[in-house]
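So the chains spell out like this:
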Amino acid sequence: MTAQEANQAVLDVVAPALADAGVETVVAPFDQPHGEGYDIIISEGAVGVRPQAWLDALAVGGRLAVVERTGAAGRGVLYLRGRDGFRAATCSMRRRRCWWE
């Protein structure tokens, strides 16, 4: 497991707890994922557009969970990488359901 943070000062605060849990940490810009072949990537912050660099870092069968938003409200999206590309399931908290696009 790897936790990536763009801000060294933020990582300095959480790194001891993550190390105790056996989590590798790395400081790198969010648009440049550290490593590749991930089974799952979870973003705890919202993104404005589909993060292609993160999708490219997934292994076949890997999943990316993000909140995409351009205004005040966002939508949860789960991407699944297959052998032939990506599928996306969008989730709406207001509608309380998800659907494949």
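Before reading further, recall that the structure is shown in the block above.
Residues numbered from 1 in each chain as written. Predicted model: local features only at pLDDT ≥ 70, side-chain atom pairs only at ≥ 80, totals over all residues. Heavy atoms only, no water.

Q: Quick question: what am I supposed to make of the pattern of salt bridges here?
A: Where side chains of opposite charge bring their charged atoms close, a pairing between them can arise. Following the criterion strictly, the structure yields one salt bridge and no others. We note a salt bridge from Arg75 to Glu68, for which the minimum N-O separation is 3.1 Å. Under the relative-accessibility criterion, Arg75 is labelled partly exposed at 34%. With relative accessibility at 10%, the residue Glu68 sits in the buried group. (Salt bridge = Lys/Arg side-chain N within 4 Å of Asp/Glu carboxyl O. Buried < 20%, exposed > 50% of the residue type's maximum accessible area, 1.4 Å probe, protein only.)

Q: I'm lost on the nonpolar core in this one. Help?
A: For soluble globular proteins, the rule of thumb is that nonpolar side chains tend to be buried together. Ile41, Val47, Trp54, Leu55, Ala57, Leu58, Leu64, Val66, Val77, Tyr79 and Ala88 form the largest nonpolar core, which has eleven residues in total. When residues of this core are assigned to their parent elements, the largest contribution, three residues, is made by strand β4 (residues 58-69). Contacts of Tyr79, omitting those with residues within four sequence positions, involve Arg50, Leu55, Gly62, Arg63, Leu64, Val66, Glu68, Arg87 and Ala88. (Core = buried A, V, L, I, M, F, W, Y, C linked by side-chain atoms within 4.5 Å. Helix = DSSP H or I, 4+ residues; strand = E, 2+ residues; numbered from the N terminus. Contact = heavy atoms within 4.5 Å.)

Q: What exactly am I supposed to notice about the pairing of strand β1 (residues 2-5) here?
A: Strand residues, when the strand is regular, have side chains that alternate between the two faces of the sheet. Where β1 meets strand β2 (residues 24-27), four bridges bridge the pair, whose relative direction is parallel. Bridge pairing in β2 links Gln4 to Val26. Taken together, β1, helix α1 (residues 8-20) and β2 form a β-α-β motif whose crossover is right-handed. (Pairing = 2+ DSSP bridges. Right-handed = clockwise from strand over helix to strand, strands pointing away.)

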